[in-house]
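Residue-level listing of the chains:
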Amino acid sequence: MHTFVATLLQKQSNNSTNMYFQGKKVWITGASSGIGEALCYELASQGAELILSARKGNELERVKANCPAGYKISLVPLDVSDFASIPAVAQSVLSQVGHIDILINNAGISQRSLAEETSLSVDQRIMDVNFMGSVAMTKALLPQFISRKQGHIVAVSSVVGKVGTPYRSAYSASKHAMQGFFEALRAELHSRNIDVTIISPGYVATQVSMNALKGDGQAYQQMNESTEQGLEASVFAKKMLRAISRRQEEAFIGKKEILAIYLRRFFPKLLYRILRNYRLK
Ligand SMILES: NC(=O)c1ccc[n+]([C@@H]2O[C@H](COP(=O)([O-])OP(=O)(O)OC[C@H]3O[C@@H](n4cnc5c(N)ncnc54)[C@H](OP(=O)(O)O)[C@@H]3O)[C@@H](O)[C@H]2O)c1
């Protein structure tokens, strides 16, 4: 009996996720790899029309080719840190697809270096891509969300957006900045019927550590054990889409590392002591 009810509830929950994305036009940044790529496959299977962005056009082509034929998928290669180009790109997308229902600000780049060995240009680059890039994309679409009196803006932050972690000073700062911006925006947009969901992933098994920047701006190019052992991207994507479809304000999605957020809130001194001994792995 218990299993039957659990299955029924699971089906209902899956259906409500399906219903939410069915026919919606969803623009995903960082769609060429990892979490963004997994979101594409899951959203396509749930009937969304997709607009996929990242810098590498060939990787976007690969993702599109992996989606079942017949789905509406537009590729819009862009660099989110090229702020000046974003309003024109957004206008061109809007004139092609009509409107956007959901923007997922997922493009991001991590860091693996102590603050003392990180050049200011790397701090700037990480802030530009993660924080300013998300702000620029959001501002380019905000007028159409407001005039349509509906829409959903999603920000992919991190556990590190709640907890400053060694070797990730600029990355933590960029994700804390996202938390502040999108939390304020959520309150501002409430009366306009526009939702804002902030997602804080723990470790997810993607290329994030490979692509992370070292202090000199070179790619770290190592797969960290904690990333490798994180949630599978496809599992993560399902959980993330469920949180969005429930119009949650925020969601922490990961394994035991999520506890750090609660330690930070309720036992900060204990967390600070743990973080002093944190080592890269
Ligand atoms: N994996 C984790 O453990 C983890 C944990 C917490 C938060 N996150 C966050 O999750 C998001 C996705 O990361 P991931 O784990 O999927 O890593 P990933 O596999 O390295 O993917 C990063 C994506 O961002 C895109 N990107 C990077 N710089 C860009 C730029 N300037 N303009 C446009 N697109 C850009 C990359 O595509 P191109 O190279 O083609 O541009 C790629 O599609 C990031 O915001 C990351 O901070 C990940």
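Up top is the structure these notes are about.
Below you will find a few notes about this structure. Quick caveat: nothing in here was measured; it's all calculated off a predicted structure.

### A word on the overall build of the protein
The secondary structure content of the protein amounts to 11 helices and 9 strands. At 19 Å, the protein has a C-alpha radius of gyration in line with the 19 Å of a compact globule built from 281 residues. Principal-axis analysis of the C-alpha atoms gives the protein an extent of 55 × 50 × 40 Å. Residues classed as buried in the protein amount to 49% of the 281 residues present. Of the contacts formed within the protein by residues at least 6 apart in sequence, a portion of 71% connects residues at least 24 apart. When the accessible surface of the protein is split by element, carbon and sulfur atoms take 54% of a total near 13,700 Å². Each charge class in the protein was averaged separately, 33 positive and 22 negative side chains, and the resulting centres sit 6 Å apart.

### Overview of the nonpolar core
Counting residues in each nonpolar core, the largest one holds 38 residues, and the members touching the most others are W27, I100, L141, I153 and F182. Counting residues per element, the ones that place at least two in this core are α4 (86-97), α5 (120-148), β5 (151-156), α6 (169-189) and β6 (194-201). Here this core takes 11 residues from α5, the largest share from any one element. Setting aside residues up to four positions removed in sequence, F182 forms contacts with N105, S134, T138, I153, A155, V196 and I198. With 35 residues, the next largest nonpolar core counts L39, C67, L241 and I244 among its residues.

### Points about the pattern of salt bridges
If you walk through the whole model with that rule in mind, you get 7 salt bridges. When the shortest N-O distance is used, the salt bridge between K162 and E250 registers 3.0 Å. Of this pair, K162 sits in the loop between β5 and α6 while E250 sits in strand β9 (residues 250-253), and the two are 88 residues apart along the sequence. E250 sits in the partly exposed class, given a relative accessible area of 28%. By sharing partners, the salt bridges in this structure join E37, E59 and R62 into a single network.

### What about the site of the ligand?
Around the ligand, the structure places 30 residues, and the nearest of them are S33, R55, K56, Y171 and T206. Expressed as a share of its isolated accessible area of 880 Å², the protein-covered part of the ligand is 97%. For the shell around the ligand, the elements supplying multiple residues, two or more each, are α2 (34-45), α5, α6 and α7 (208-211). Of the residues that constitute the shell around the ligand, the class distribution is 13 nonpolar, 12 polar and 5 charged.

What counts, and where the lines are drawn
- Here the residue numbers are simple positions, counted from 1 along each chain's written sequence.
- Predicted model: local features are reported for residues with pLDDT of at least 70 only, side-chain atom pairs are reported and counted for 80 or more only, and whole-chain, interface and lining totals are derived from all residues.
- Side-chain metrics rest on all non-hydrogen atoms present in the structure, leaving aside hydrogens and water.
- Helix and strand definitions follow DSSP, with helices as H or I runs of at least four residues and strands as E runs of at least two, each counted in order from the N terminus.
- Restricting the calculation to C-alpha atoms gives the radius of gyration, and the globule rule supplies 2.2 Å times the number of residues raised to the power 0.38.
- Three exposure classes are used, based on accessible area relative to the maximum for each residue type with a 1.4 Å probe and protein chains only: buried under 20%, partly exposed in between, and exposed over 50%.
- Here a residue-residue contact requires only that any non-hydrogen atoms of the pair lie within 4.5 Å.
- Under the convention used here, a 1.4 Å probe and the Shrake-Rupley method define accessible areas, while residue burial counts only the protein chains that appear.
- By the counting rule applied here, Lys and Arg register as positive and Asp and Glu as negative, while His and the ends of each chain are not counted.
- Each charge is placed at NZ for Lys, CZ for Arg, CG for Asp and CD for Glu.
- In this description, a nonpolar core means a group of buried Ala, Val, Leu, Ile, Met, Phe, Trp, Tyr and Cys residues linked to one another through side-chain atoms lying within 4.5 Å.
- The term salt bridge refers to a pairing of a side-chain nitrogen on Lys or Arg with a carboxyl oxygen on Asp or Glu at a separation within 4 Å.
- A molecule or strand has a residue near it when one of that residue's heavy atoms lies within 4 Å.
- In this classification, the charged set is Asp, Glu, Lys and Arg, the nonpolar set is Ala, Val, Leu, Ile, Met, Phe, Trp, Tyr, Cys and Pro, and all remaining amino acids, among them Gly, are polar.

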